[in-house]
Amino acid sequence: MGQRILIVDDEVSITTLIEYNLEQEGFETVVYQDGKQAYEAAKNEDYDLIVLDLMLPSMDGMEICQKLRQDNIHTPIIMLTAKRHEQDMITGLEYGADDYMTKPFSPKELVTRVKVVLRRTQPVEESGKQIRLAHIRVDPETYEVFKEDELVEFTKKEFDLLIYLVKRKNKPVPRAELLKDVWDFDFVGDTRIVDVHISHLREKLELDPKKPTLIKTVRGIGYKIEG
């Protein structure tokens with residue numbers, strides 16, 4: 001049996017299109033058109049990934065995403081939205097979405113992104129030894145991050161990004177490299193998704209996020225972590 005994908009969209013034409021293309025690639029699909037019903041399904045059943053529309057009846061996609069993360073459910077989420085404003089993308093990522101696509105979208109690209117997100121949410125292979133850097137401590141085995149010995153809540157993608165930078169301590173890492181290796185995008189993607197996640201890391205890890213000393217911007221290149 002293939003990996004199980006929850007599809008949530010109130011447009012039957014969209015769910016049919018997504019369902020067909022995913023099943024052609026060997027995925028098992030479950031479809032909901034109602035937000036509250038989808039939230040209960042995602043909360044109480046096991047899925048490998050959720051394709052989640054923003055605008056839904058009874059409970060919108062943002063609220064579903066936020067509530068699932070508050071429930072400590074970290075099933076990967078790809079958000080779908082007809083809106084093209086940057087703020088919608090930023091808000092979705094802040095609520096815990098792993099990726100986003102704007103409508104209309106290519107079904108083939110969606111399938112590719114589903115595969116990419118599923119690959120990137122597999123467990124990180126690490127020795128299990130804790131990593132100490134300045135005032136933070138990272139445990140790759142338990143996916144825990146501590147700031148001055150206080151546990152900080154991280155999404156899987158934030159953790160992957162942090163580990164990637166930590167392994168390249170003091171080395172500038174281009175945005176395009178982060179997009180390719182952390183998000184596993186083999187196609188041209190929007191590097192703003194990297195900037196949003198870096199902002200999240202700074203808010204959670206820096207002693208003063210407005211004056212970062214841990215995660216530095218390297219002008220014209222990308223980012224580096226110092227320690």
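Above this text sits the structure in question.
On a predicted model such as this, the values are computed, not experimentally measured, just so you know.

> Give a detailed account of helix α2 (residues 35–44), specifying residues and quantitative values.
Regarding α2, the residues found buried are G35, A38, Y39, A41 and A42. Projection of α2 onto a plane perpendicular to its axis shows the buried side chains occupying an angular sector of 165°, all on one side. Elements that come into contact with the buried residues of α2 comprise β1 (4–8), β2 (28–32), β3 (49–53) and α3 (61–70). If you check the start of α2, you find a side-chain oxygen 3.1 Å away from the backbone N of K36, and it comes from D34.

> Provide a residue-level description of the packing of helix α6 (residues 156–167) against helix α8 (residues 192–205), including the pertinent values.
Viewed as axis vectors pointing N to C, α6 and α8 meet at an angle of 85°, and their least axial separation amounts to 10 Å. Between α6 and α8, the angle is such that the two are roughly perpendicular. Two secondary-structure elements touch here, α6 through K157, E158, L161, L162 and L165 and α8 through H197, I198, H200, L201, K204 and L205. Here the residues of the contact of α6 with α8 are counted per class, giving six nonpolar, two polar and three charged.

> Hey, could you go over the pairing of β1 for me, with residue numbers and the actual values?
When you tally the buried positions in β1, you get four out of five residues, the bulk of the element. As paired elements, β1 and β2 share five bridges and run parallel to each other. Bridging from a neighbouring strand, I7 pairs with V31 of β2. Traced from β1 through helix α1 (residues 12–24) to β2, the parallel crossover comes out right-handed. One ladder, built from four bridges, connects β1 with β3; its direction is parallel. Its bridge partner lying in β3, I5 is registered against L49.

Reading guide: rules and limits
- Residues numbered from 1 in each chain as written.
- Predicted model: local features only at pLDDT ≥ 70, side-chain atom pairs only at ≥ 80, totals over all residues.
- Heavy atoms only, no water.
- Buried < 20%, exposed > 50% of the residue type's maximum accessible area, 1.4 Å probe, protein only.
- Helix = DSSP H or I, 4+ residues; strand = E, 2+ residues; numbered from the N terminus.
- Arc of directions from axis to C-beta.
- Contact = heavy atoms within 4.5 Å.
- Polar contact = N/O pair within 3.5 Å; in protein donor to acceptor, adjacent residues only side chain to side chain.
- Axes fitted to C-alpha atoms, helices over the stretch in contact; angles between N-to-C directions.
- Parallel < 35°, antiparallel > 145°, perpendicular 65-115°, else oblique.
- Nonpolar A, V, L, I, M, F, W, Y, C, P; charged D, E, K, R; others polar.
- Pairing = 2+ DSSP bridges.
- Right-handed = clockwise from strand over helix to strand, strands pointing away.

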